[in-house]
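A structural walkthrough
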Amino acid sequence: MEFLKNCWYMAGWSDELPAGTLLARTFLEQPVVLFRQGNGTPVALLDRCPHRVAPLSRGTLVGDTLRCVYHGLRFDASGRCVENPHGAIPAKACVPGFPLAERDGIIWIWMGEPAAADRARAPDLAHMARVPATAQSRGSMPSACHYQLIVDNVADLSHVEYLHATTLGGGAFVENRPVVSEQGTDVVIELRSRGQAAPPVYDRFLPQPGVPVDFVNRVTWSPAGLLKLDISVAPLDAPPETGLRTFNAHIVTPETRSSSHYWYWLTREYRQEDADMTQLRHALMTRVFVEEDKPIIEAQQRLLGGADLFDTQPVLLATDTGSIRIRRIMRQLLAREAAPAA
Ligand code: FES
Ligand SMILES: [Fe+2]
């Protein structure tokens, strides 16, 4: 499947881009250099000098401009050449830029048509950003696979009972069928279990482990690589909002066709002052992602080679409904993007 371009993708955490630094990253097969202007506004330009294709990220910042390390052309934040030490500025000397939006501690990048970028529609994760530092943690797990395999992995949590049998599994994810719905271009995959013990990763933190609870695990996917998780463990018949609530996000951005940027963010609405618990949960989840998910997803990629999973005519199970809907929406968005403008 092609990459959707007209879409906000995570470029990195805000604090990965301190003032005065240059950050080189590849998104959707395009090399990009990021830096901040003096007033803090982040900037993204194609990391490729229009003179002899040197990476601009090897250059130096001069105020709000970037000087190429090779022959000294200097570009402003809009990508326009503002200095040529060797003569007049050639009309062609400019570098394409990419719109950015910064909110909730994340820098989002728009790799498509700049005029179509609407900053107001960059993903909103304010409900997580306002959680105290003692109740949130973040990590990254760059993965050698197409980003869609990571989306599939989170969209189908039935794997929890097998791949994570000894770490997260507990029955809820196979004994109950998720209900899949669409909200605009989002896909919501909601699993509810009633009167069962909570999955171990939540149960161990309950005041009374082992008691039957109502468990809700809602995954909301937004194009192309944002997966928001809203998990609640509540006393029987209590509204989910009153339960122990966890908000997590898994965010993937294609790097190349066979590699992805993968960030995860874990927050909690209960025992927010308990930094030790945050550390414990972070260590457990990181171990699960790095030692259990990552190896299997990367192995899938090696077996697929350049093929899309769905090109292999895979056997489909009831638990694949979420990924199937996601891929259908992706196909529609890609077709819309490919259509000539009306
Ligand atoms: S390659 Fe950048 S100035 Fe020559
Ligand atoms: Fe997993």
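Heads up: the structure comes first, above all this text.
Below: a short report on this structure. Just so we're clear, the structure is a prediction, and the values are computed from it rather than from any experiment. (Residues numbered from 1 in each chain as written. Chains lettered and ligands numbered in written order. Predicted model: local features only at pLDDT ≥ 70, side-chain atom pairs only at ≥ 80, totals over all residues. Heavy atoms only, no water.)

So, about the coordination of the iron ion (ligand 2). Within the protein, His159 (NE2), His164 (NE2), Asp293 (OD) and Asp293 (OD) serve as the donor atoms for the iron ion (ligand 2), at 2.1 to 2.6 Å. One way to put it: the 4 donor atoms around the iron ion (ligand 2) meet at angles of 54 to 151°, and that makes the site irregular. Donor residues for the iron ion (ligand 2), ordered by position in the chain, follow H-x4-H-x128-D. An identical accessibility class is assigned to His159 and His164; each is buried. (Donors = N, O, S within 2.8 Å, 3.2 Å for Na, K, Ca; no water. Tetrahedral: all angles 85-135°; square planar, octahedral: opposite > 155°, others 65-115°. Buried < 20%, exposed > 50% of the residue type's maximum accessible area, 1.4 Å probe, protein only.)

Relative to the helices and strands, Thr166 resides in the loop between α2 (147–155) and α3 (172–175). Separated by 34 residues in the primary sequence, Thr166 and Pro200 place their C-alpha atoms 9.4 Å from one another. (Helix = DSSP H or I, 4+ residues; strand = E, 2+ residues; numbered from the N terminus.)

A word on the pattern of salt bridges. Under the criterion given, the structure shown has 22 salt bridges. In this structure, Arg328 and Glu182 form a salt bridge, with 3.2 Å as the shortest nitrogen-oxygen distance. Placement of Arg328 in helix α6 (residues 321–338) and of Glu182 in strand β13 (residues 179–183) is noted, with a sequence separation of 146 residues between them. The exposure class of Glu182 is partly exposed, given its relative accessible area of 34%. When salt bridges that share partners are traced, they join Glu190, Arg192, Arg218, Asp230 and Arg245 into one network. (Salt bridge = Lys/Arg side-chain N within 4 Å of Asp/Glu carboxyl O.)

How two aromatic rings sit relative to each other is given by the distance of their centres and the angle of their planes. Summed over the entire model, instances satisfying the criterion amount to 6 aromatic pairs. Where Phe173 meets Phe215, the ring centres are 5.8 Å apart and the plane angle is 85°; that geometry is what we call edge-to-face. In this pair, Phe173 is assigned in helix α3 and Phe215 in strand β15 (residues 212–222), connecting sequence segments 42 residues apart. On the basis of relative accessible area, Phe173 is assigned to the buried category, the value being 8%. (Phe/Tyr/Trp six-rings, centres within 6.5 Å; stacked < 30°, edge-to-face > 60°.)

Moving on: the pairing of strand β14 (residues 186–197). Here 5 bridges tie β13 to β14, and the two strands are oriented antiparallel to one another. Along β14, the bridge assignment pairs Val180 with Ile189. Remark: 2 residues form the turn of the hairpin made by β13 and β14, two consecutive strands paired antiparallel; Gly184 in that turn has positive phi of roughly 65°. As judged from the 10 bridges shared by β14 and β15, these two strands associate in the antiparallel manner. Within β15, the residue paired with Val187 across the bridge is Trp221. (Pairing = 2+ DSSP bridges.)

That is the geometry; function is a separate question.
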